[in-house]
There are 4 protein chains.
Amino acid sequence: MIKAGIIGATGYAGSELVRILTSHPEAELVSLTSQSYAGKAYEEAYESYRHIPSYICEEENINEMAEKCDVIFLALPHGVASKKITEDILSKCKVIDLGADFRLQNADTYESWYTTHYAKDILPEAIYGLCEINGDMIKGRRIVANPGCYTTCSILSVYPLVKERLIDLSSIIIDAKSGATGAGRSLSLGNHYCELNESVKAYKVASHRHTPEIEEQLSYAAGESVVISFTPHLIPMDRGILATCYAKLSGSYTYEDILNVYKKYYGDKYFIRLTKKGTFPETKWVKGSNFVDIGFTIDERTNRVIVIGALDNLFKGAAGQAVQNMNILFGLDEKTGIDLVPIFPA
Amino acid sequence: MIKAGIIGATGYAGSELVRILTSHPEAELVSLTSQSYAGKAYEEAYESYRHIPSYICEEENINEMAEKCDVIFLALPHGVASKKITEDILSKCKVIDLGADFRLQNADTYESWYTTHYAKDILPEAIYGLCEINGDMIKGRRIVANPGCYTTCSILSVYPLVKERLIDLSSIIIDAKSGATGAGRSLSLGNHYCELNESVKAYKVASHRHTPEIEEQLSYAAGESVVISFTPHLIPMDRGILATCYAKLSGSYTYEDILNVYKKYYGDKYFIRLTKKGTFPETKWVKGSNFVDIGFTIDERTNRVIVIGALDNLFKGAAGQAVQNMNILFGLDEKTGIDLVPIFPA
Amino acid sequence: MIKAGIIGATGYAGSELVRILTSHPEAELVSLTSQSYAGKAYEEAYESYRHIPSYICEEENINEMAEKCDVIFLALPHGVASKKITEDILSKCKVIDLGADFRLQNADTYESWYTTHYAKDILPEAIYGLCEINGDMIKGRRIVANPGCYTTCSILSVYPLVKERLIDLSSIIIDAKSGATGAGRSLSLGNHYCELNESVKAYKVASHRHTPEIEEQLSYAAGESVVISFTPHLIPMDRGILATCYAKLSGSYTYEDILNVYKKYYGDKYFIRLTKKGTFPETKWVKGSNFVDIGFTIDERTNRVIVIGALDNLFKGAAGQAVQNMNILFGLDEKTGIDLVPIFPA
Amino acid sequence: MIKAGIIGATGYAGSELVRILTSHPEAELVSLTSQSYAGKAYEEAYESYRHIPSYICEEENINEMAEKCDVIFLALPHGVASKKITEDILSKCKVIDLGADFRLQNADTYESWYTTHYAKDILPEAIYGLCEINGDMIKGRRIVANPGCYTTCSILSVYPLVKERLIDLSSIIIDAKSGATGAGRSLSLGNHYCELNESVKAYKVASHRHTPEIEEQLSYAAGESVVISFTPHLIPMDRGILATCYAKLSGSYTYEDILNVYKKYYGDKYFIRLTKKGTFPETKWVKGSNFVDIGFTIDERTNRVIVIGALDNLFKGAAGQAVQNMNILFGLDEKTGIDLVPIFPA
């Protein structure tokens, strides 16, 4: 059994991780910490855990956790993990960071979008844990940067097109829609029920921090710098991300040409499901699962391709992929413990 | 492996059953039928099943199914199962009926609330599959009548009070609230998104068919006839039932007196969770799980007890309890395959 | 034109009042105050007011406001109004208090459910502004206590039955359901979108402060003390209250007997609409209007009557009724400015 | 008083029209028809009308209606109005068509996206009733084609940029999000509560019929052919459209440059509200009103402008604009009867 610890277990991503690990057949959750609930039973934070394995939220002590765990998951605000992760920690256990600190290889980019980075020396060692793209490179690593929710959906939606240069790289626009869990459990007027309910809005227009993360990965795929427009929207629902991606085709391609490229990259990826021609993903069809559904069409009047991807932001967009990374790190089948049928309707 | 079949697999309860059985470690779904999707892949009905075990919806042939299955689940409108279930079927395999046809032992009551009953001879053999009450009586049966969603929640909420006569039996009022999946997948103006959303209403006031089912079971518990008032309400959400139950206390009891009675009956029942004093159940805390949460308070000003129960209508209120019954029938741990942590937030 | 002022204009009830008064043909909103937005444009608090009459939120100075206004509306937390309203204020202008401070004539009851009352001398002068019951008594008053949202719905639903003693007064149970605006705009985990959405729960079970308010009014109607059980529930929607009321009939009455009693009291009340036999109110049918819809049935098996009332908690349950009271106070047709068709679907 | 009639009064757009006209100070609704409710009281279709002006749904007879009305509104599926509107009708009364039949001046385009057009002779006379653009041209007309919901929002969002050529005309992408009322009251699995709730999806990707309507109007503005990509999405809410529009800037422009262009075209338009810099529209802020909120930013990294527009699809997107057109046609202030403050929260 893999001994796992979670730092930051009472946020929404942390709690989804607790849920998945509780049922994981090859892992055991031996320690979890929470700043706001330290010393309290986990069910004080989440009543869904009433009478379920009696987790107690601990004060954070990453050194002690590293001694007793095989892997530590961090689910923390940006800027915190880069202070906590050291060579010493990595020498004792593996680390999967659900935050942003190790996602960008370019520390300058990180610092211009986020804040000071305190572990630049460790950065080169971190692998971007987008399993369907970097699967083989993840094995054997000591630290995995688990991708963001928007980024997982966005990158997977357009990756084959970028890699194979079927599109004009300067033409990529990603219009993304997310459920409210993406904004976390911290209180704000924008997340007050009556303000968010029955409404839709864009936010952080052309300025969301997932933008450079998408760009860095797409640039690796393209072998040159890719700059995109990215606009997130808040949808009145709990879970789910839909990314509607637009790009100019670089030539004259048929639906089948493009489909073949998607099959080439994703044909053997269990968690990526291509929809039938004429059918497009809906977030509800992947809820509670690790699947990413992808569909596309060609807008012949404009020679654009429109690709739509959908995932559950807390699952494949956070905790599920983190466990997928753990499975890969420890040589398990990547599906172990996360091979769930979507829950519908819910 | 238990070989299972489902008749009526494309309604909401049927689809939840497919989902649970797909992941069940000791059961295998070998056959499923659907009137509307016969001959089609299951993912035609539910895109959540895209690329998942390639179930094909069959034409119904219960005799063939009985030959190859150890257990058949029926998820059908009332009046259909009583025509299909025969001694011959029961001699070949076990039957778990999610519909109403075998829930009422009193056929006259059935016929006055429903329609003609075509299998009165089999009725005495059917056991009411409310696992936490009838657990021991379920073992060894050939046919289980899986309780209704409202009834499971209502009966479990007040059973200890009735059994121990802590309340005036003529004073029971149950005000229940249900999510929209309770109304099924058939189209109607009342379930049209814009009509149901952002609204709450009562329906079938003092005339809902779950009333006699609750009454029959509570009468067994009381050893005398119990008549209740039952009012269901439709809530703008997908899943969940909350039953708010009111009754006059038959004497002077403290919170602890009542708590002890609940503990006596439910202390060893894994799927029933009593909330802490001052805390009451919310449907969200049990979503996607087989748990029933129960909390209560004494209204000292009126000497009434108010008990509140919550469950997921598609899980513990339908498919989850059906699988719990299967587990009991086949001598498995009752938790097998349904011991899921609630999904939150979702 | 009536010159109106609002103290506490940036809560949800206050903002609904601003909205109604902005369109009122016989009133003019000359001053509004807000603690949190003092000095700012009203659209800083509510962007719906973008470019609409340029209200500026003022610091509260009730004395100045009393000088320039004909009527002051207070939309404040309980315990505040009783400190602010003095004989001096009442000598200058009329007051309509949307809070709880002047609703209970019995100051002891107020103090046992709320807090210290600072204006007991004024209490006898305040009239309970439930327009359909106390209409005639409101005229000529200096101070009106605008009823609570739950209480308006609850009292109007059962008043004729209590007044005419068609029911056993000790048997009244009110199970109420409210949209989230009832909880106001203050942030709390319970009102965080992802926690409230897709769930239903009871709260303040047998302990909600609207209980004594309902009881005091029903006691006046009955001519003797009435004690009830009242349980509020939170529904995932913005607006609306549904009250499901249960009581034992005191004799043998037909549907028509009861209907006649309702018609006797409400036949000439424009804002009360009785539903047809077999039809029950839904909150959506009254949204954005001052209507209260009421329907009932007899549960013959138990000889209970079940009455269901519905209203918009921010409109008839707060700001709309406050303006109705203003209309009555100033001798206008009570419908002036609030005679809106419900907005549907919304 | 303007005598108005409505054909197709029981769809969602029709019912919103009934609601607005019921309160309109200068119009009187003298006749309304409905295929499905002919002969029944209007409250049979919409219980919100319980006890409100006793409209009776009539069988449609447009000739009779034309005799007694000054204006007829049509709220019908496409292909029906072009059969009904004749020179004879137009000689008797004015017509405002909320459907698609007279929106496209190019009949070939109409026939390639819709169906046969039966009134091509009348087409040249129809004016596209986008009030803020064509206001002056509407006066004196006999027939107005009321714009679609998506189109009103989309065109108004980008019109100044197109007109002044601040953008590359071939680069326009409109990603639109709509509440479920946009899909009407007809039953379908896609609009079944449990299927639409808690999900987001795209539909009619690159093939929605509002595309040619947007293009025709933008082409008029540009003086040359404009082709766009348009993708609508369905959002789990009742009302509201948000259009997120992307385009390449044709030169180097500042925020203020663009703002000035918007002010030039919209500075004197009451129903268009420009948001402050850094603030973007949300559908909830315009609900129940005739306002269109517009905000934009420059994505400097890509030299794209991102413009976001929001409106209430049943109000400014349908019935409200139809009444605005009526006001213009009859020489009233365009705001008459539709100058409502948005209802919030709702």
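So, how was this worked out
- Residues numbered from 1 in each chain as written.
- Chains lettered and ligands numbered in written order.
- Predicted model: local features only at pLDDT ≥ 70, side-chain atom pairs only at ≥ 80, totals over all residues.
- Heavy atoms only, no water.
- Buried < 20%, exposed > 50% of the residue type's maximum accessible area, 1.4 Å probe, protein only.
- Helix = DSSP H or I, 4+ residues; strand = E, 2+ residues; numbered from the N terminus.
- Pairing = 2+ DSSP bridges.
- Contact = heavy atoms within 4.5 Å.
- Buried area = accessible area lost by both parts, 1.4 Å probe.
- Salt bridge = Lys/Arg side-chain N within 4 Å of Asp/Glu carboxyl O.
- Polar contact = N/O pair within 3.5 Å; in protein donor to acceptor, adjacent residues only side chain to side chain.
- Nonpolar A, V, L, I, M, F, W, Y, C, P; charged D, E, K, R; others polar.
- Least-squares fit on C-alpha atoms with pLDDT ≥ 70 in both.
- Domains from an automatic or database assignment.
- 1 Å grid on protein atoms, 1.4 Å probe; cavity = no way out; pocket = protein on both sides within 12 Å on 5 of 7 lines; lining within 4 Å.
- Points joined across faces, edges and corners; volume = space filled by probe spheres on them.
- Phe/Tyr/Trp six-rings, centres within 6.5 Å; stacked < 30°, edge-to-face > 60°.
- Lys NZ or Arg CZ within 6 Å of the ring centre and 35° of its normal.
- Expected span 1.5 Å × (residues − 1).
- Bend = angle between axes of the 7 residues up to and from the residue.

Undergrad: Go over the pairing of strand β10 (residues 241–248) of chain A with me, naming the residues and quoting the values.
TA: All names here are of chain A. The buried count for β10 comes to 7 of 8 residues, which makes it a mostly enclosed element. With 6 bridges joining them, strand β7 (residues 173–178) and β10 adopt antiparallel strand pairing. What sits directly across from Ala176, in β10, is Ala243. Here β10 runs beside strand β13 (residues 304–311); their pairing, made up of 8 bridges, is antiparallel. Across the sheet, Lys248 pairs through a bridge with Arg304, a residue of β13.

Undergrad: An account of the interface of chain B and chain D is needed here, citing residue identities and associated values.
TA: Contact with chain B, which involves 19 residues of that partner, is made by 19 residues of chain D. Here chain B packs against chain D, burying approximately 1,800 Å² in sum over the two surfaces, 56% of which is carbon and sulfur. Across the chain B-chain D interface, the total number found is 2 salt bridges. Put simply, chain B and chain D have 14 residue pairs in polar contact (both at pLDDT 80 or more) between them. In terms of residues, the side of chain B that touches chain D owes the most to one element, helix α9 (residues 193–196) of chain B, which gives 4 residues. Classifying every residue of the side of chain B that touches chain D by side-chain character gives 9 nonpolar, 7 polar and 3 charged.

Undergrad: Please provide a residue-by-residue account of the relation of the copies chain B and chain D, values included.
TA: Between the two copies, chain B and chain D, the superposition gives an RMSD of 0.0 Å; the rotation angle is 180° and the shift along the axis is 0.0 Å. Given the turn and translation reported, the copies of this chain are related as if by a two-fold rotation axis. Judged by C-alpha distance, B:Tyr193 is the residue of chain B that lies nearest the rotation axis, at 2.0 Å.

Undergrad: Describe the domain arrangement of chain A, and please don't skip the residues or the numbers.
TA: For interface size, the figure often reported is the accessible area lost on association. Residue and element names in this part refer to chain A. Domain annotation for chain A reports domain 1 (2–147 + 315–329) and domain 2 (150–311). Computed over C-alpha atoms, the centres of domain 1 and domain 2 are 25 Å apart. With 27 residues of domain 1 in contact, the opposing surface of domain 2 contributes 29 residues. Summing both sides of the interface, domain 1 and domain 2 together bury roughly 2,300 Å²; the carbon and sulfur share of this comes to 59%. Ranking the residues of domain 1 by area buried against domain 2 places Tyr12, Trp113 and Glu132 at the top, with a combined share of 29%. Counting across the interface, domain 1 meets domain 2 through 2 salt bridges. Between Glu213 and Arg103 there is a salt bridge, with its nearest N and O atoms 3.2 Å apart. Linking domain 1 to domain 2 there are 11 residue pairs in polar contact (both at pLDDT 80 or more).

Undergrad: So what's going on with the relation of the copies chain A and chain D? Which residues, and what values?
TA: The two copies are related by a screw motion: chain A maps onto chain D through a turn of 180° and a shift of 0.0 Å along the axis, at an RMSD of 0.0 Å. Interface overlap between copies: 100% of the residues of chain A at the interface are likewise at the interface in chain D, consistent with a symmetric, same-surface contact.

Undergrad: Just give me the short version of empty space enclosed by the protein, but keep the residues and values in it.
TA: What the rule picks out here adds up to 7 cavities of 30 Å³ or more. Considering only residue class, the lining of the largest cavity consists of 8 nonpolar, 4 polar and 4 charged.

Undergrad: So what about the packing of aromatic side chains? Which residues, and what values?
TA: The final tally for this structure, using the stated rule, is 62 aromatic pairs over all chains. Their ring planes at 90° and their centres at 6.2 Å tell us that A:Tyr42 and A:Tyr55 sit as a pair that is edge-to-face. Within this pair, whereas A:Tyr42 is found in helix α2 (residues 42–45), its partner A:Tyr55 is found in the loop between α2 and α3 (62–68), the two being separated by 13 residues in sequence. Under the relative-accessibility criterion, A:Tyr42 is labelled buried at 1%. A residue is classified by how much of its surface remains accessible, and A:Tyr55, at 13% relative accessible area, is buried. Through successive ring pairs, a cluster of aromatic residues spans A:Tyr42, A:Tyr46, A:Tyr49, A:Tyr55, B:Trp285 and B:Phe344. Sitting above the plane of the A:Tyr46 ring, A:Arg185 keeps its charged end 4.0 Å from the centroid.

Undergrad: Account for helix α8 (residues 149–163) of chain C, naming residues and giving values.
TA: Residues and elements named next belong to chain C. Here α8 spans 21 Å end to end across 15 residues, near enough to the 21 Å set by a 1.5 Å rise per residue. The axis of α8 is deflected most strongly, by about 35°, at Ser157, and proline Pro160 appears within four residues downstream. α8 sits mainly inside the fold: 14 of its 15 residues count as buried. Positive backbone phi, approximately 55°, marks Arg165, located one or two places after α8.

Undergrad: Provide a residue-level description of the pattern of salt bridges, including the pertinent values.
TA: Evaluation of the coordinates by the stated rule reveals 116 salt bridges over all chains. Two residues, B:Glu198 and C:Lys287, come together in a salt bridge whose shortest N-O distance is 3.5 Å. Remark: C:Lys287 occurs in the loop between β11 (272–274) and β12 (292–299) and B:Glu198 occurs in the loop between α9 and β9 (201–202); the pair is interchain, linking two chains. You'll find B:Glu198 and C:Lys287 in the same group, each marked buried. A salt bridge links B:Arg301 to C:Glu215; the nearest nitrogen and oxygen atoms lie 2.3 Å apart. Highlighted residues: B:Arg301 in the loop between β13 (292–299) and β14 (304–311) and C:Glu215 in helix α10 (residues 210–222), drawn from two different chains. Take B:Arg301: its relative accessible area is 37%, and that puts it in the partly exposed class. On the accessibility criterion, C:Glu215 (8% relative accessible area) is buried.

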